[in-house]
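The lines below spell out each chain.
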Amino acid sequence: MGAFEENFRSADLTFDSDGIYWVNPDDNETYQVMMKWEEPIMKKMAELCVDEGDDVVEFGFGMGILSDAIQERKPKSHTIVECHKDIIPRLKEWAKDKTNVIIIEGIWTEATEYTMYDSILHDTYADEFNHALKGFVERYAKPQCKITWWNNNPDLISNKDTRGFNSVKYYNVDITPPDNKYYTENEYKVPLKII
């Protein structure tokens, strides 16, 4: 595990209506984990990947924006994997009245409680295991499974951020992010891979 990732996982997070933040002790800088401006992206991810009656797995709860968008699409089951100590209680509170939600606490690559899924949505922060998504899909995806992930690469000419998948389609979302450390473009490309 890298120092940045380890620092994040042990950090005390700050929450407000616009985002989740933490201070990295190595550089005393404040970093954004997730922000409200991402809502159009999260809605598009859910729209592309989740159909009513699907068995869904979501990696990373964050502010619950993607989780809300998934729930609106009425999945049969909605497994959410979250590793941060400060986010897990918020996830549990959010899930109290949702009988189709299954919570897995811990790092997604270390969990063993998985089944088979129609939809796989990967939106984690400070995750050194992004490269493992393809292997997860090969093991747990049902036929015609729909997969998406956080795409931090607006320049797709180099096709760097496909998580090892070929034939990925991208869908544009217009956004207006405020000043932040992780995404500053006015257009976001939501990836979609169907197995």
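For the structure itself, look to the data block above.
A quick note: this is a predicted structure, and the numbers were derived from the prediction, not measured.

What counts, and at which threshold
- Residues numbered from 1 in each chain as written.
- Predicted model: local features only at pLDDT ≥ 70, side-chain atom pairs only at ≥ 80, totals over all residues.
- Heavy atoms only, no water.
- Core = buried A, V, L, I, M, F, W, Y, C linked by side-chain atoms within 4.5 Å.
- Buried < 20%, exposed > 50% of the residue type's maximum accessible area, 1.4 Å probe, protein only.
- Helix = DSSP H or I, 4+ residues; strand = E, 2+ residues; numbered from the N terminus.
- Contact = heavy atoms within 4.5 Å.
- Phe/Tyr/Trp six-rings, centres within 6.5 Å; stacked < 30°, edge-to-face > 60°.
- Pairing = 2+ DSSP bridges.
- Axes fitted to C-alpha atoms, helices over the stretch in contact; angles between N-to-C directions.

*Asks:* Even after reading the chapter, I still don't get the nonpolar core, so can you show me in this structure?
*Replies:* For soluble globular proteins, nonpolar side chains are generally found buried alongside one another. Judged by nonpolar contacts, the single largest core of 25 residues is most densely connected at Trp 37, Ile 41, Met 42, Leu 121 and Trp 150. Mapped by element, the contributors of at least two residues to this core are β3 (29-35), α2 (39-49), α3 (65-72) and β10 (187-194). Looking at this core element by element, the count peaks at six residues for α2. Those residues within four positions of Trp 37 in sequence are excluded, and the remaining contacts are Trp 150, Ile 175, Thr 176, Pro 177, Pro 178, Asn 180, Tyr 182 and Tyr 183.

*Asks:* What's the story with the packing of aromatic side chains in this structure? I'm lost.
*Replies:* Centre-to-centre distance and the angle between the planes together describe a pair of aromatic rings. For the coordinates displayed, the defined rule picks out 23 aromatic pairs. Ring centres 5.3 Å apart and planes at 55° place the aromatic pair Tyr 114 and Tyr 140 in the tilted group. Placement of Tyr 114 in the loop between β6 (101-105) and β7 (117-122) and of Tyr 140 in helix α5 (residues 133-140) is noted, with a sequence separation of 26 residues between them. Tyr 140 carries the same exposure label as Tyr 114, and that label is buried. Connected via pairs of aromatic rings, a cluster forms that spans Phe 59, Trp 108, Tyr 114, Tyr 117, Phe 136 and Tyr 140.

*Asks:* I keep staring at the sheet that holds strand β8 (residues 141-149) and nothing clicks. Help me out?
*Replies:* Neighbouring strands of a sheet are bound in pairs by backbone hydrogen bonds; such pairs are parallel or else antiparallel. Ordered in space as β6-β5-β4-β7-β8-β10-β9, the seven strands form an open sheet in which the pairing is mixed. Sheet topology places β6 and β9 (169-174) at the edges, where each strand pairs with a single neighbour. Averaged over all neighbouring strand pairs, the angle between strand axes comes to 20°, with direction disregarded. Strand direction decides the pairing type here: strand β4 (residues 55-59) and β7, joined by four bridges, are parallel. Residue pairing in the sheet places Val 56 in a bridge with Ser 119 of β7. Lying over the sheet, α5 contacts β4, β7 and β8, oriented at roughly 155° with respect to β8.

So, to be careful, I would describe these as geometric facts and stop short of saying anything about function.
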